[in-house]
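What the coordinates show
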Amino acid sequence: MIVTAENYTRYCVGAKAERLFQMKQHGMNVPEFFCITRYSTDQEILRYVNKTFSKGTLFSVRSSASAEDSSSFSFAGQLDTFLFVPADELLEKITRCRASADSACVNEYLRINGIHRDELQVNVIVQVMVNADCSGVVFTANPQGILSETVITVGAGTGDNVVEDRVAVNTYYCSRSDSSFYAELHEGAPKLTNDMIRELLKIASVVRGQFGCECDIEYAVKNGEIFILQARPITTLHADGHIILDSSNISESYPGISSPMTISFVKDVYSIVFTSCVRRITRNDGTAEQLSDVLSNMTDSANGRIYYRISSWYDIITMLPFSKKIIPVWQEMLGVSDKSVSRSAGAPRRMTKLRVMCSFVQLMLANERNMKKLNRKFGTIYPQFCTRIAQTDSPAELFSIYVELKTALADCWDLTLVNDMYAFIFTGLLKHSLRCENPEDTANQIICGSSSIESMKPVRMLSDIRDSLRSENSYKEFCGISTIEEFEKFISQPTRSAELIEQYISEYGDRCSSELKLEAETYRTNPLLLIETISTFNEVPHEETAQRPKLHGLSRLYAKKAYNGILLREKSRMSRSKIFGLIREIVLKCGKHLSECGYIIQPRDVFYLTFSELEQAVNGKTSGLFELIDSRRQQWKSFAAIPQYTRIVFDREVFDKHPADFVSATINSGDQLIYGTPCSSGIIEGEITHISSLTADTDASGKIILADVTDPGWVFVISQSLGIISKRGSLLSHTAIISRELRKPAVVGVGNACDHFRDGDYVRLNGIDGTIQLLRQAAS
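To start, this report covers the structure provided alongside it. (Residues numbered from 1 in each chain as written. Predicted model: local features only at pLDDT ≥ 70, side-chain atom pairs only at ≥ 80, totals over all residues. Heavy atoms only, no water.)

This part covers the overall build of the chain. When helices and strands are tallied, the chain shows 26 helices and 24 strands. Principal axes of the C-alpha set define a box for the chain whose edges measure 105 × 60 × 60 Å. A total of 780 residues make up the chain; the buried ones form 56% of that total. In the chain, the share of contacts with a sequence separation of at least 24, taken over all contacts with a separation of at least 6, comes to 69%. (Helix = DSSP H or I, 4+ residues; strand = E, 2+ residues; numbered from the N terminus. Buried < 20%, exposed > 50% of the residue type's maximum accessible area, 1.4 Å probe, protein only. Contact = heavy atoms within 4.5 Å.)

This part takes up the sheet that holds strand S20 (residues 704-707). Pairing is mixed across the open sheet formed by 8 strands, whose spatial order is S17-S24-S23-S19-S20-S21-S22-S18. Among the strands making up the open sheet, the edge pair consists of strand S17 (673-675) and strand S18 (677-680). Geometrically, the sheet is characterised by an average inter-axis angle of 30° between neighbouring strands, direction not taken into account. Direction of pairing for S20 relative to strand S21 (residues 723-726): parallel, over a ladder of 4 bridges. Its bridge partner being in S21, Ile704 is matched across the sheet by Gly723. (Pairing = 2+ DSSP bridges. Axes fitted to C-alpha atoms, helices over the stretch in contact; angles between N-to-C directions.)

Our focus in this paragraph is the packing of aromatic side chains. Under the defined criterion, the tally for this structure stands at 31 aromatic pairs. Centre to centre, the rings of Phe378 and Trp413 are 6.1 Å apart; their planes meet at 55°, and the pair counts as tilted. With Phe378 in helix H13 (residues 350-390) and Trp413 in the loop between helix H14 (395-410) and helix H15 (415-433), the pair connects residues that are 35 residues apart, well separated along the chain. For the pair Phe378 and Trp413, a shared accessibility class is recorded, and that class is buried. Considering the side-chain rings of Phe478 and Phe490, the 5.2 Å spacing of their centres and the 55° angle between planes classify their relative orientation as tilted. Within this pair, whereas Phe478 is found in helix H18 (residues 475-479), its partner Phe490 is found in helix H19 (residues 484-491), the two being separated by 12 residues in sequence. Note on accessibility: Phe478 and Phe490 belong to one class, buried. Of the aromatic side chains, those joined through ring pairs into one cluster are Tyr270, Phe274, Tyr308, Trp313, Tyr314 and Trp330. One residue, Lys561, lies across the ring of Phe426, its end atom 5.9 Å from the ring centre. Over the ring of Tyr762 we find Arg776, and its NZ or CZ is 4.5 Å from the ring centre. (Phe/Tyr/Trp six-rings, centres within 6.5 Å; stacked < 30°, edge-to-face > 60°. Lys NZ or Arg CZ within 6 Å of the ring centre and 35° of its normal.)

Here the focus is the pattern of salt bridges. By the definition in use, this model includes 33 salt bridges. Asp285 serves as the salt-bridge partner of Arg355, at 2.9 Å between the closest nitrogen and oxygen. Remark: Asp285 occurs in the loop between helix H8 (260-282) and helix H9 (287-290) and Arg355 occurs in helix H13; sequence separation between them is 70 residues. Residues joined by salt bridges that share partners form a network here, namely Glu89, Glu92, Lys93 and Arg96. (Salt bridge = Lys/Arg side-chain N within 4 Å of Asp/Glu carboxyl O.)

Looking now at the pairing of strand S15 (residues 647-650). Alternating residues of S15 divide into Arg647 and Val649 and Ile648 and Phe650, and every residue in both groups is buried. Where strand S12 (residues 243-246) and S15 come together, 4 bridges link them in antiparallel fashion. Bridged to Leu245 within S15 is Ile648.

At a minimum axis distance of 8 Å, the contact between H19 and helix H20 (residues 496-508) shows a crossing angle of 115°. Here H19 contributes Phe487, Phe490 and Ile491 to the contact with H20, which in turn contributes Ser497, Ala498, Ile501, Glu502 and Ile505. A per-class count over the contact of H19 with H20 returns 6 nonpolar, 1 polar and 1 charged. (Nonpolar A, V, L, I, M, F, W, Y, C, P; charged D, E, K, R; others polar.)

To continue, consider a nonpolar patch on the surface. There is a patch of nonpolar side chains on the surface, built from Met357, Val361 and Leu365 and spanning about 300 Å² of accessible area. Inspection of the secondary structure puts Val361 in helix H13. (Patch = residues over 30% accessible without salt bridge, like charges linked within 9 Å, V, L, I, M, F, W, Y side chains within 5 Å. Areas by Shrake-Rupley, 256 points an atom, 1.4 Å probe, with all protein chains shown as cover.)

If you trace the 4 strands from one edge of the open sheet to the other, you get S13-S14-S12-S15, paired in antiparallel fashion. A single partner strand is all that each edge strand has here, and the edge strands are strand S13 (299-302) and S15. Taking each pair of neighbouring strands and ignoring which way they run, the sheet shows an average axis angle of 40°. Here S12 pairs with strand S14 (residues 305-309) via 2 bridges, running antiparallel. Each residue of the ladder has a partner; that of Asp246, found in S14, is Tyr308.

This part is about unusual backbone geometry. One non-glycine residue, Asn223, lies in positive phi territory at about 50°. As for its position among the elements, Asn223 is in the loop between strand S10 (215-222) and strand S11 (225-233). Phi is positive for Ser514, which is not a glycine, with a value near 55°. Position of Ser514 among the secondary structure elements: in the loop between H20 and helix H21 (528-535). Its relative accessible area of 14% is what places Ser514 among the buried residues.

This next bit is on the side chain of Asp510. The topology assignment puts Asp510 in the loop between H20 and H21. Polar contacts involving the side chain of Asp510 include one to the side chain of Arg524, which spans 2.9 Å. Contacts of Asp510, omitting those with residues within four sequence positions, involve Tyr382, Glu515, Thr522, Arg524, Ser577, Lys578, Gly581 and Arg584. (Polar contact = N/O pair within 3.5 Å; in protein donor to acceptor, adjacent residues only side chain to side chain.)

Interpretation note: all reported values are geometric properties and have no functional meaning in isolation.
Spelled out as structure tokens, the structure:
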């Protein structure tokens, strides 16, 4: 009895052979093979081989046992495999393959896993041997516990060389949410081309879809042709309990790698604010306490990056009335690309839903009034805390002030979350109410308002400072300042420009690039940064009177509320940057104290501690700080080799990777037309300049910015540019809002699709339909 693709469904041939037959039928490039059972005779085998295969064909012989390669047990390497077997040795190797089921190793494997020997019926696969140039394994999900990451290994020669560590192996870690990967490369190991990686990822996707589970797939490559040798389930992963981290909107506030101090502080802040919000909307019915695990994990971190733990957000949003309608609007406003909804907690009780509905309606009706009240409260307490923090250097007193600040804001700052939802909902309603050819572009024009928006005030004031410096003939003198002493001497003069500079640092000293990272240098902590900004500051575009569409009925109401919600949102974001400025000052003063006492080397080493570790150090627990900081510094340095992914799905536990010699790259599609989210109208053509972070030399004048991610501090650079393309972002991200106010065409949320663009490439940026077209490549 010979089992082939035509008759395999009539026999029990084991999961390994069955999957091979299924992949063969699915059109995958599986080398010719057949399977034999214990009922197959030697004569049948030899007759079939001589009839089907040409003389001199070499084969591989391996098992397909009844319990092997199941969803529970892999039996990896337990049963014997034979390669490069000539036809006249097939019967011997088949016999030895079957006999290996009674080896000591297999018996121990059976004992450990509670499998009876009778359950192990050994069938044998005989397959045409591929004398591979290179081979390896594709794991459709990282078996360490990252479901969103496909892992590809490759080594020279046949697969036995790879699995038995006889050759050097390169490993590629590929994100399923982004077209990017990083590789662990070793000398002597073959390197895969982008085309080969892309093809293997397609195969992985097909196999995963066909079998409905994560698999590891053995492959071989000969003369550039990929052969699939087998596929089996990854048995170390779980079907549920997954943890999903998403960077959609939060990467705008915390771009790139953040310090342990920032990561820990942000996690605590989000927990406090969301707990307060849940208590408010449920009217303290105990739901917040029941959701304590959810609320303490609104954010998380991986590889030094801050992410939303997205299931926690859905747990909260699904409490709201009309949540099925609200969730798509929320996803669109935050730029969440994966629209699937995952939750970690059970559905709220009926009475809780009723309380939330009543509270939600009341909060929406009172939103603008509540936000204005919050702004007045902040305007009162902020100067008081500024003064108190400035007047003390005692770490114990500084932490006491921090606790007071937290208490003062904990029961009211959650109103900013309500206002965010208010802005999201009415912007979404406005877009859907417009009956025109391009409602998205029309909505963008309607909600513009640069004269009032808070984010534009620092720009206007910088313009005033520059004009004053020029009118006093002190512009060159100011731009030539290189020390803090020179700066302080300059602003001590009784001039209008000096007065404006002091006022700017007082009011906007915390508004700069990466302003919510506690480790970031700001105009307040390093005033020399202001000199760099003013010396490169260009003319602010004159505000044009936009021809806004005439609105009627509900569209007019929605536009007004969306506009007001956005103004209030930007106001609260400015206040948030000031709060973080206060915390930054507290941390730096504590760092200075620890450094002076000899517990850490440099004051800024404090950012390698978590917020709770700093509090413990202030309270006397200082042993081991040198070693801890040195370890963290090395670990955080290594994170730079790992790309920032849009989404990471962990199996059941979030963990950091510890890369060594990794190389990052992008699998680009080569598409000349790229799509993103249009957020500021206009069509412009120009040269690309890629900006990953801002420096004193950053100059985007007359060019189109291609940014990894932006934050409020980018307003100065955007004002110089023709337009901007951002990998991340949404309709209500800072990039979108500032671009609209500056009348700069903008497209956000393009992911890694533009990574193959080089500086000098000439593109057409369409801020109306969200397309970017490569017109001409830069000269090599």
